[in-house]
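Listed below are the residues making up each chain.
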Amino acid sequence: MKANVGTIDRTLRIIVGLVLIGLTLAGVIGVWGWIGLLPLATGVFRFCPAYTLLGIKTCKSCNKA
């Protein structure tokens, strides 16, 4: 798995994931908020399977290779 998620993309994914999970734990939103695990995981691992399928890379250092 080569990294294909850039710094800004990664930061936003982690923030969105944590917010969704936090809102779910606080009872503000329903169980669907656990979907926040997806952006959190893709941000932490810097790899997005959907980006691979679509040929997208937001990582500048990844584009050099």
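Everything here concerns the structure above.
Here the structure is a predicted model, which is why all the values come from computation and not from measurement.

Before going further, it helps to spend a moment on helix α2 (residues 37-45). Of all the positions in α2, only P39, L40, T42 and G43 are classed as buried. The inward-facing, buried residues of α2 abut α1 (7-26) and α3 (49-54). Looking one or two residues past α2, R46 carries a phi angle of roughly 60 degrees, positive in sign.

Here we take up the environment of T58. On the secondary structure map, T58 appears in the loop between α3 and α4 (60-64). If sequence neighbours within four positions are ignored, T58 has contacts with N4, V5, G6, D9 and Y51. Looking at T58, its side chain comes within polar contact range of the main-chain nitrogen of G6, at 2.7 Å.

What follows is about a nonpolar patch on the surface. Nonpolar side chains collect at one region of the surface, where I15, V19, L23 and V28 lie side by side and expose about 330 Å² of accessible area between them. Inspection of the secondary structure assignment puts V28 in the loop between α1 and α2. On the basis of relative accessible area, V28 is assigned to the exposed category, the value being 58%.

Criteria and thresholds
Residues numbered from 1 in each chain as written. Predicted model: local features only at pLDDT ≥ 70, side-chain atom pairs only at ≥ 80, totals over all residues. Heavy atoms only, no water. Buried < 20%, exposed > 50% of the residue type's maximum accessible area, 1.4 Å probe, protein only. Helix = DSSP H or I, 4+ residues; strand = E, 2+ residues; numbered from the N terminus. Contact = heavy atoms within 4.5 Å. Polar contact = N/O pair within 3.5 Å; in protein donor to acceptor, adjacent residues only side chain to side chain. Patch = residues over 30% accessible without salt bridge, like charges linked within 9 Å, V, L, I, M, F, W, Y side chains within 5 Å. Areas by Shrake-Rupley, 256 points an atom, 1.4 Å probe, with all protein chains shown as cover. Salt bridge = Lys/Arg side-chain N within 4 Å of Asp/Glu carboxyl O.

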